[in-house]
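What the coordinates show
Single-letter residue listing:
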Amino acid sequence: MDFNMKKLASDAGVFFTRAVQFTEEKLGQAEKTELDAHFENLLARADNTKNWTEKILRQTEVLLQPNPSARVEEFLYEKLDRKVPSRVTNGELLAQYMTEAANDFGQGTPYGKTLIKVGETQRRLGGAERDFIHSASINFLSPLRNFLEGDWRTISKERRILQNRRLDLDACKARLKKAKAAEAKAALWSDEVEKAEHELRMAQTEFDRQAEVTRLLLEGISSTHVNHLRCLHEFAEAQATYYAQCYQYMLDLQKQLGRLPGTFVGNVESTSPPPATASPPALAAATGPTVPTIPVVPTVVGAPNSAPAVESLNPTDVKPPASGTRKARVLYDYQAADSSELALLADEMITVYSLPGMDPDWLIGERGNQKGKVPVTYLELLS
């Protein structure tokens, strides 16, 4: 009991001494041991890393889960060390509503059939979103969070210890200075000087040791940057995969809707293909081969001016008109949906022409002995 009381009294004395030293430094009444410039740069770099990591982490969480209530719920589950319940994505919920609506309106009706097709695509989009969120959480958010809750806490703890060691060191310097001043007046204070010098040597040793520990931790920030760089690449790759899947799903949906009779898809006046300067080959060179670009393919199928004969086109029966043929350069790759369409490769040249009553969004394209329907939005018509 006496030992514990003495320890508490000693700790209280040390705390009081540090508080006095800190206050006098703030008031300019005491000298302060300054860290070298390299150490100060390490401290500033560590603080910047912590601050920007927090901002990137929080904003990524907002990107992956825009609902603040859901984020709070996930945070609480995580702090309670409990598994976060599986949550239906917005796309999956929309798919559920569309399927139920189709059942209500009749799956055999044009509207019901379209609802089922679109709903199925929304379900696939929701699944892709779920996979992306899961991948980003594991490969990007977790490493950032681990740094803040692990490495940074260790660095902060050692920095606080270093601060206390510095205050102890400066307090010892102040005591030695006072002891020497008293010794000059009376030889009786020689023991106090010796004691102050011993305490100063001990404090200097403790300070130097702690400074080395803290410096090594701060220099480890460089390896943290390397790790976060790798995680950032994985995040970008997961995001690219997600958007590529979404593009493919929507492209498939467009083709499916284009084959449904009486279905209206797109808006000819409000949508247009990307400009030639942003064509897929150029973007692929900039972003890598795994990130496809998304050309907009507006089509109007079953419009009043469309000719039923064109929908069931037999390429061998099509004869080019005597005049009105043009050359066209293909802007994007295009996969033929059926035998009536002509597959296209970006930058190739083909001959195109229109037939009476044909959907204005489509032309007949010829490449050697091959011919078939091609979408206008994939072409640059040449004079």
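As the structure is a prediction and not an experimental result, all values here were calculated from the model.

1. Here's the deal with the nonpolar core
Of all hydrophobic cores here, the largest spans 36 residues; its most connected members are F39, F132, F140 and L218. Elements with a minimum of two residues in this core: α2 (37–64), α5 (110–183), α6 (190–219) and α7 (221–258). In terms of residue count, α5 provides more of this core than any other element does, 16 residues in total. Once residues within four sequence positions are removed from consideration, F140 is found in contact with I56, T60, S135, C231, L232 and F235.

2. Let's talk about unusual backbone geometry
Despite not being glycine, D347 shows a phi value in the positive range, around 75°. Its location among the elements puts D347 in the loop between β3 (326–330) and β4 (349–353). Assessed through its relative accessible area of 46%, D347 is described here as partly exposed.

3. Topic: the packing of α2 against α5
In the contact formed by α2 and α5, the axes pass within 10 Å of each other and the chain directions differ by 150°. It follows from the interaxial angle that α2 and α5 lie roughly antiparallel. Every pair of crossing elements has a handedness; the one defined by α2 and α5 is left-handed. Each residue belonging to the contact of α2 with α5 can be placed in one class, and the counts come to 16 nonpolar, four polar and six charged.

4. Some details on α5
The end-to-end C-alpha distance of α5 is 104 Å, a good match for the 110 Å that 74 residues give at a rise of 1.5 Å each. Roughly 40° is the biggest bend found in α5, and it falls at S137.

5. Quick notes on the side chain of D359
Within the element layout of this structure, D359 appears in the loop between β4 and β5 (362–367). The buried charged residue D359 lacks any salt bridge partner; its closest oppositely charged side chain belongs to K373, at an N-O distance of 7.6 Å. Side-chain polar atoms of D359 contact the backbone nitrogen of D361, separated by 2.9 Å.

6. Here's the deal with the packing of aromatic side chains
Within a pair of aromatic rings, the relevant descriptors are the distance that separates the centres and the angle that separates the planes. Taken as a whole and assessed by the stated rule, the structure comprises eight aromatic pairs. On the basis of an interplanar angle of 20° and a centroid distance of 5.3 Å, the ring pair of F105 and Y111 is categorised as stacked. What makes F105 partly exposed here is its relative accessible area of 45%. Note on F147 and W152: the rings are 6.4 Å apart at their centroids and 50° apart in plane angle, and the pair reads as tilted.

7. Regarding helix α4 (residues 90–105)
Its 16 residues place the ends of α4 22 Å apart at the C-alpha level, agreeing with the 22 Å of an ideal helix rising 1.5 Å per residue. Every buried residue of α4 is listed here: G91, E92, A95, M98 and A102. Buried residues of α4, seen end-on, are gathered within an arc of 120° and therefore sit on one face of the element. Opposite the buried face of α4, at more than 90 degrees from it, the exposed residues are N90 and D104.

8. Details of the pattern of salt bridges
Considering all chains together, one arrives at 18 salt bridges under this definition. When the shortest N-O distance is used, the salt bridge between E206 and R165 registers 3.6 Å. Of this pair, E206 sits in helix α6 while R165 sits in helix α5, and the two are 41 residues apart along the sequence. Taking the relative accessible area as the measure of exposure, R165 reaches 24% and is therefore partly exposed. A salt bridge links E219 to R215; its shortest N-O distance comes to 2.7 Å. Placement of both E219 and R215 in helix α6 is noted, with a separation of four residues, approximately one turn of the helix. Under the relative-accessibility criterion, E219 is labelled partly exposed at 30%. Taken together, the salt bridges that share partners define one network made up of R58, E61 and R145.

9. Some thoughts on the packing of α5 against α7
Between α5 and α7, the shortest axis-to-axis distance is 9 Å and the interhelical angle comes to 175°. The pairing of α5 with α7 is recorded here as roughly antiparallel in orientation. Of the residues belonging to the contact of α5 with α7, the class tally is 21 nonpolar, 10 polar and six charged.

10. Some words on the sheet that holds β4
Taken together, the five strands give an open sheet; going across it, the order is β6-β5-β4-β3-β7, and neighbouring strands pair in antiparallel fashion. Each having just a single partner strand, β6 (370–375) and β7 (379–382) make up the two edges of the open sheet. Strand-to-strand twist in this sheet, taken as the mean axis angle between neighbours without regard to direction, amounts to 40°.

11. Some words on the confidence of the model for the protein chain
Summing up the model confidence of the protein chain, the mean pLDDT is 81 and the portion of residues at 70 or higher is 77%. For the protein chain, strand β2 (residues 299–300) is the element with the lowest average pLDDT, namely 40, and α2 is the one with the highest, namely 95.

12. Observations regarding the pairing of β5
Counting buried residues along β5, five of its six residues qualify, which places the element largely inside the surrounding structure. In this structure, β4 lies alongside β5, joined through three bridges in antiparallel fashion. Within β5, the residue paired with T351 across the bridge is E366. Across six bridges, the pairing between β5 and β6 is antiparallel.

13. Description of the pairing of β3
Here β3 runs beside β4; their pairing, made up of four bridges, is antiparallel. Considered in β4, the bridge of A328 is made with I350. Relative to β7, β3 is paired through four bridges, and the arrangement is antiparallel. In the strand pairing of β7, A328 is matched with L381.

Rules and cut-offs
- Residues numbered from 1 in each chain as written.
- Predicted model: local features only at pLDDT ≥ 70, side-chain atom pairs only at ≥ 80, totals over all residues.
- Heavy atoms only, no water.
- Core = buried A, V, L, I, M, F, W, Y, C linked by side-chain atoms within 4.5 Å.
- Buried < 20%, exposed > 50% of the residue type's maximum accessible area, 1.4 Å probe, protein only.
- Helix = DSSP H or I, 4+ residues; strand = E, 2+ residues; numbered from the N terminus.
- Contact = heavy atoms within 4.5 Å.
- Axes fitted to C-alpha atoms, helices over the stretch in contact; angles between N-to-C directions.
- Parallel < 35°, antiparallel > 145°, perpendicular 65-115°, else oblique.
- Left-handed = near helix turned anticlockwise from the far one by under 90°.
- Nonpolar A, V, L, I, M, F, W, Y, C, P; charged D, E, K, R; others polar.
- Expected span 1.5 Å × (residues − 1).
- Bend = angle between axes of the 7 residues up to and from the residue.
- Lys, Arg positive; Asp, Glu negative; His and termini not counted.
- Salt bridge = Lys/Arg side-chain N within 4 Å of Asp/Glu carboxyl O.
- Polar contact = N/O pair within 3.5 Å; in protein donor to acceptor, adjacent residues only side chain to side chain.
- Phe/Tyr/Trp six-rings, centres within 6.5 Å; stacked < 30°, edge-to-face > 60°.
- Arc of directions from axis to C-beta.
- Pairing = 2+ DSSP bridges.
- pLDDT = per-residue confidence, 0-100.

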